[in-house]
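Survey of secondary and tertiary structure
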Amino acid sequence: MRADRLVSLLLLLRQRGRMTADQLAGELEVSVRTVLRDIDALSSAGVPVYVDRGRHGGYSLLPGFRTELTGLNHDEALALFTAGSVRAEKVFGLSAPLAAAMRKVVDALPAGQQASLGDAARRLLVEPEADLLSRRQEVEAVADGVMSEVRRAVLTGHRLRFSYQAPAGAPSSRTVDPIGLVTVRGHTYLIATRSGKDRTYRLSRMATAEVLPDPAQRSARVDLGRMWAERTAQFLADGHLEVSVRVKRSRRDELLSTARAVRSEDSDVNGWARLELTYDDLRHATWALWQLGADAEVMSPEVVRQALRERASALVVRYESPGPAENVAVP
């Protein structure tokens, strides 16, 4: 851990020039005292770290101590930085290691590429927090310490015990054999087996997690893509309601934001689209589709059409006659 931090400190000084102890502590996510100890360690090892006193002072490093990363062209380096700029950098709790890796890549690049890479990366933005309609992407919060323990269990192949709050019921303890981690639209899931049966858990519902010394019972080979597809198909088949809908393309995104899942989508005529959607139940489907008014039409099943028809009829009855006259004071 300390060796990695010393390398990161060295690279920060190389790439940014003079930095204060407070700035270094912020970048490395440690205390100022730790930074001062690390600088002393570098100096003792012969690394030329110098301190400039005064208002605009700080620590700086003489040129040198670099390695060239051969075979990596400008576009390849830009691809790494663009991928690292995505908000998903915080997924799996790896934001700090990602930042350290990016510093090492920059330091290893030839000087000519370093000059243009920073400006190029700033001109590319991937997956901002909100779209043009100001809709923010939901990112679930995971309890402190849970992510690191789950990730460690997955990568080291050990069993995992955690406290889990299911949608209904009291929290309970689970012990599983972890297989892999999957992140989808801001939600992170653990794929595992429990007593030999397939299980999927949302990390946001874990209150605590602990890696156990026992090795996990799992195959040495894994295909997470296939496993996730199988779990998705099973989830959609378990007691959910399938609805076929025609919707104006201008309100397609609004429709998708309320559905549990999308099974298929086809183009229709005159600016409409036809989708096969999954909802939790009749109540969920009726509520979601009512929001779109005449801009959407349920094709099937009839039970959803009937529910919307009854709701519309009740509204017509409510408003078909004039409302109560207002009490107007006569002078």
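Anything mentioned here points back to the structure above.
Residues numbered from 1 in each chain as written. Predicted model: local features only at pLDDT ≥ 70, side-chain atom pairs only at ≥ 80, totals over all residues. Heavy atoms only, no water.

What follows deals with the nonpolar core. By size, the foremost hydrophobic cluster in this structure holds 18 residues, and its most contacted members are Val 243, Leu 255, Tyr 279 and Leu 289. Listed by contribution, the elements that provide at least two residues to this core are strand E8 (241-248), strand E10 (272-279), helix H10 (282-290), strand E11 (296-300) and helix H11 (302-319). Not counting residues up to four positions away in its chain, the partners in contact with Val 243 are Leu 275, Glu 276, Leu 277, Tyr 279, Ala 285, Leu 289, Val 298, Ser 300, Pro 301 and Val 304. (Core = buried A, V, L, I, M, F, W, Y, C linked by side-chain atoms within 4.5 Å. Buried < 20%, exposed > 50% of the residue type's maximum accessible area, 1.4 Å probe, protein only. Helix = DSSP H or I, 4+ residues; strand = E, 2+ residues; numbered from the N terminus. Contact = heavy atoms within 4.5 Å.)

This part takes up the environment of Ser 250. By the secondary structure assignment, Ser 250 is in the loop between E8 and helix H9 (252-258). Judged by relative accessible area, Ser 250 falls into the exposed class, the value being 69%. A C-alpha to C-alpha distance of 8.4 Å links Ser 250 and Trp 272, two positions 22 residues apart in sequence.

Further remarks concern unusual backbone geometry. The omega angle of the peptide bond from Ser 300 to Pro 301 is 5°, so this bond is cis rather than trans. Along the chain, Pro 301 turns up in the loop between E11 and H11. One non-glycine residue, Glu 29, lies in the positive phi region at around 60°. Of note, Glu 29 is situated in the loop between helix H2 (21-28) and helix H3 (32-44). With a relative accessible area of 61%, Glu 29 lands in the exposed category.

Another aspect to go through is the packing of helix H1 (residues 2-16) against helix H5 (residues 95-108). Running from amino to carboxyl end, H1 crosses H5 at an angle of 50°, the nearest separation of the two axes being 9 Å. By the angle between their directions, the pair H1 and H5 is classed as oblique. Here the hand of the crossing between H1 and H5 comes out left-handed. Facing Asp 4, Val 7, Ser 8, Leu 11, Leu 12, Arg 14 and Gln 15 of H1, the residues of H5 in contact are Ala 100, Arg 103, Lys 104, Val 106 and Asp 107. By residue class, the composition of the contact of H1 with H5 is 5 nonpolar, 2 polar and 5 charged. (Axes fitted to C-alpha atoms, helices over the stretch in contact; angles between N-to-C directions. Parallel < 35°, antiparallel > 145°, perpendicular 65-115°, else oblique. Left-handed = near helix turned anticlockwise from the far one by under 90°. Nonpolar A, V, L, I, M, F, W, Y, C, P; charged D, E, K, R; others polar.)

Turning to the pairing of strand E2 (residues 58-61), a few remarks are in order. Taking every second residue as pointing to the same face, both faces of E2 are buried, with Gly 58 and Ser 60 on one and Tyr 59 and Leu 61 on the other. One ladder, built from 4 bridges, connects strand E1 (residues 49-52) with E2; its direction is antiparallel. Its bridge partner lying in E2, Asp 52 is registered against Gly 58. Between E1 and E2, which follow one another and run antiparallel, lie 5 residues, and Gly 54 among them has a positive phi close to 105°. (Pairing = 2+ DSSP bridges.)

Moving on, we come to the sheet that holds strand E4 (residues 172-184). On the basis of which strands lie adjacent, the open sheet formed by 5 strands has the order E6-E5-E4-E3-E7 and antiparallel pairing. What marks the edges here is a single partner per strand, and that holds for strand E6 (197-202) and strand E7 (206-215). Across the sheet, the axes of successive neighbouring strands diverge by a mean angle of 45°, strand direction being ignored. In this structure, strand E3 (residues 158-164) lies alongside E7, joined through 6 bridges in antiparallel fashion. By the bridge assignment, His 158 is partnered in E7 with Pro 215. Lying on the sheet, helix H7 (residues 146-156) is in contact with E3, E4, strand E5 (187-194) and E7; it crosses E7 at an angle near 25°.

Next up on the list: the packing of aromatic side chains. Two descriptors summarise a pair of aromatic rings, namely the distance from one centre to the other and the angle between the planes of the rings. In the structure shown here, the tally under the stated rule is 4 aromatic pairs. Judged by centre distance (5.1 Å) and plane angle (75°), the rings of Phe 162 and Tyr 201 are edge-to-face. One end of the pair, Phe 162, is in strand E3; the other, Tyr 201, is in strand E6, and 39 residues separate them in sequence. Owing to a relative accessible area of 2%, Phe 162 belongs among the buried residues under this scheme. (Phe/Tyr/Trp six-rings, centres within 6.5 Å; stacked < 30°, edge-to-face > 60°.)

With that out of the way, let us pick up H10. All of the buried residues in H10 are His 284, Ala 285, Thr 286, Ala 288 and Leu 289. Packing partners of the buried residues in H10 comprise E8, H9, E10, E11 and H11. Of the residues flanking the start of H10, the one acting as N-cap is Asp 281, its side-chain oxygen 3.3 Å from the backbone nitrogen of Arg 283. (Polar contact = N/O pair within 3.5 Å; in protein donor to acceptor, adjacent residues only side chain to side chain.)

Across a regular strand the side chains alternate sides, sitting on one face of the sheet and then on the other. Burial analysis of E8 places 6 of its 8 residues in the buried class, the great majority of the element. Here E8 pairs with E10 via 8 bridges, running antiparallel. The residue of E10 that forms the bridge with Glu 242 is Thr 278. When E8 meets E11, the two strands line up antiparallel, connected through 4 bridges. Looking at the pairing, Ser 244 lines up with Ser 300 of E11.

Let us look at the sheet that holds E11. The strand order E9-E10-E8-E11 describes an open sheet built from 4 strands, whose pairing is antiparallel. On the outer flanks of this sheet lie strand E9 (261-267) and E11, each paired with one strand and no other. Shown here is a sheet whose adjacent strand axes are inclined to one another by a mean of 25°, direction ignored. Packing against the sheet, H10 makes contact with E8, E10 and E11, and its axis sits at approximately 5° to E8.

Moving on, we get to H3. Along its 13 residues, H3 runs 18 Å from first to last C-alpha, staying within 8% of the 18 Å computed at 1.5 Å per residue. What H3 keeps buried is the set Thr 34, Val 35, Asp 38, Ile 39 and Leu 42. All buried residues of H3 project into a common sector of 140° when viewed along the axis, lining one side. Among the exposed residues of H3, those pointing more than 90 degrees away from its buried face are Arg 33 and Ser 44. Contact partners of the buried residues in H3: H1, H2, E1 and E2. Of the residues trailing H3, Gly 46 is marked for its positive phi of about 95°. (Expected span 1.5 Å × (residues − 1). Arc of directions from axis to C-beta.)

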